[in-house]
Amino acid sequence: MYDLTKQNTVIVVFGASGDLAKKKTYPALHGLYKNGFLPEDTQIIGYARTKLEIDEFREKIKPNLKSIPADKDITEKFLKNLHYFPGKYDEDEPFKKLNEYINKLEEKSKHEKKNRLFYMALPPSVFTTVATHIKNQLYTKKGFSRLIVEKPFGKDIESSRKLVGDLAKLFTEEEIFRIDHYLGKEMVKNIMTLRFANIFLGAIWCKEYIDNVQITFKEPFGAEGRGGYFDEYGIIRDVMQNHLLQVFSVLTMEKPKSLDSERIRDAKVELLKCVNPIKKEDLLIGQYTNSTDGEKKGYREDETVPDDSTTPTYAAVTLFIKNSRWEGVPFILKCGKALDQLKTEVRIQFRDVANPIFENLSRNELVIRVQPGEAVYMKMINKKPGLSMDTMISELDLTYHRRFSDTKIPEAYEALILDALAGDHSNFVRDDELDVAWKIFTPILHYIENEKLEPIMYPYGSRGPKEVNSFVEKYGFKRDVQEYNWEDPSNKSKTSDK
């Protein structure tokens, strides 16, 4: 594990008064501090346009910090290490004053090496402006200077290339960490271990055994409170082109030559180069309306959303990989807001048993539950106990809640911020990977927007457009012939695993 105790590190969070910083960045830093991964004298400076006194800022942050009574003293120490600096993003003077402030903090340190980590929890419209000021006024040569950039990384391939080019003029690729928090999730990181450390899984991870794969992301809430932002980007840019594509690439890439971060990213880029742009016939989009009971408003009823908006809040696309391992296997990516539950999972459905001697067999499936209730389970056919030879669906179940009940699974942002401090790029997006990812999605995004493609309506709180059932079935997905329910440990109840 990376040891920061012999170095002085100042962390600057830009956009410190916003929701992302309040709900994700500061709780992650608190988690690292609480568990001893940050030295006690780590100084964290929040920078934002909002004018706040330091005590007011600390009170804003405090409710989002996960803390038990035994941690109270640690949390208070953490809060004392928080600073707040108000200032505009497009003026030199506030950044010069911020540099003077950081210099004074660094003078108190006994360590010769003085690092600076800059976290941009900002809208993309100010990425380049702030990065320019960081390079001109805040960059240090006494240690490392590293830049964490939050998504979205552009809106299409042209805007992405411009952003990449602008940042490349200021920072080297080694200094830039494009954060996609899904790469920090425990079960996404576990995919590599499942694939490359288990011979029985590695042997069947190919078109000869796998019929189709679904990667599903569900949120039970809509765009409430951020309709203006969401309408500019839509669900494909917000979730699919980044989060789901990252899961897809780790799931399908060839074995990297080593666990070195660049070898892992090389393998992902080579895989994505084998994926053609999405075709119109491999697309389904939807948009939520008000709930059936009328309690939840539809997307277009949001005051910040245009009345005639055709922005998708649900999307399903199918990707095909042109290589010897995956030729012909459909990978169906589905994501949506205002659905029936919170869930992210990978569902790998295997081919039918050849020349079966048993009747009415369901297919084997390997399910990787990313959230909530991390789990890996294999649906298999078992003899029903008793005198007959009837079959039933059972499972080989590795549910983290039961198997690792005493282990704290770190939050994704905790893992990724620690990786950035360590200089480990394994779980961050490289510039060429970003480019090839946009090549896959840009044509279909332009088609949706230029044609003003009308989305299929679905009620808030439903499973999405009804048409998605026929959509997945046309790519070979078969539903269980026999009844089966998986016990979800996150809610301790029997539930359909579809």
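Residues numbered from 1 in each chain as written. Predicted model: local features only at pLDDT ≥ 70, side-chain atom pairs only at ≥ 80, totals over all residues. Heavy atoms only, no water.

1. Here we look at the packing of aromatic side chains
Then step 1. Taken as a whole and assessed by the stated rule, the structure comprises 22 aromatic pairs.
Then step 2. Taken together, a centroid distance of 5.2 Å and an interplanar angle of 85° make the contact between W326 and F331 edge-to-face.
Then step 3. In this structure an aromatic cluster arises from ring pairing among F14, Y47, F85, Y89, F95, Y101 and F118.
Then step 4. Directly above the ring of F171 sits K135, whose terminal nitrogen or CZ lies 5.9 Å from the centroid.
Then step 5. One cation-aromatic arrangement involves K155 over Y233; the distance from NZ or CZ to the ring centre is 5.6 Å. (Phe/Tyr/Trp six-rings, centres within 6.5 Å; stacked < 30°, edge-to-face > 60°. Lys NZ or Arg CZ within 6 Å of the ring centre and 35° of its normal.)

2. Regarding helix α10 (residues 261-272)
Then step 1. Taking 1.5 Å per residue as the helical rise, α10 with its 12 residues ought to reach 16 Å, and the 17 Å between its terminal C-alpha atoms agrees with that figure.
Then step 2. Residues S261, I264, R265, A267, K268, V269, L271 and L272 constitute the buried set of α10.
Then step 3. Contacts from the buried residues of α10 go to α7 (186-196), α9 (227-252), β15 (428-429) and α13 (431-450).
Then step 4. For α10, the capping residue at the N-terminal end is D260, with a side-chain oxygen 3.1 Å from the backbone nitrogen of E262. (Helix = DSSP H or I, 4+ residues; strand = E, 2+ residues; numbered from the N terminus. Expected span 1.5 Å × (residues − 1). Buried < 20%, exposed > 50% of the residue type's maximum accessible area, 1.4 Å probe, protein only. Contact = heavy atoms within 4.5 Å. Polar contact = N/O pair within 3.5 Å; in protein donor to acceptor, adjacent residues only side chain to side chain.)

3. Structural notes on the sheet that holds strand β6 (residues 176-179)
Then step 1. Across the sheet, 7 strands lie side by side as β3-β2-β1-β4-β5-β6-β15; this open sheet has mixed pairing. Strands at the two margins of the open sheet, each flanked by one partner only, are β3 (82-86) and β15.
Then step 2. With 7 bridges connecting them, strand β1 (residues 8-14) and strand β4 (residues 114-120) associate as parallel partners. What sits directly across from I11, in β4, is L117.
Then step 3. Relative to β4, helix α5 (residues 127-138) is tilted by about 165°, and along the sheet it contacts β1, β4 and β5 (145-150). (Pairing = 2+ DSSP bridges. Axes fitted to C-alpha atoms, helices over the stretch in contact; angles between N-to-C directions.)

Everything listed here is a matter of geometry and, on its own, says nothing about what the molecule does.
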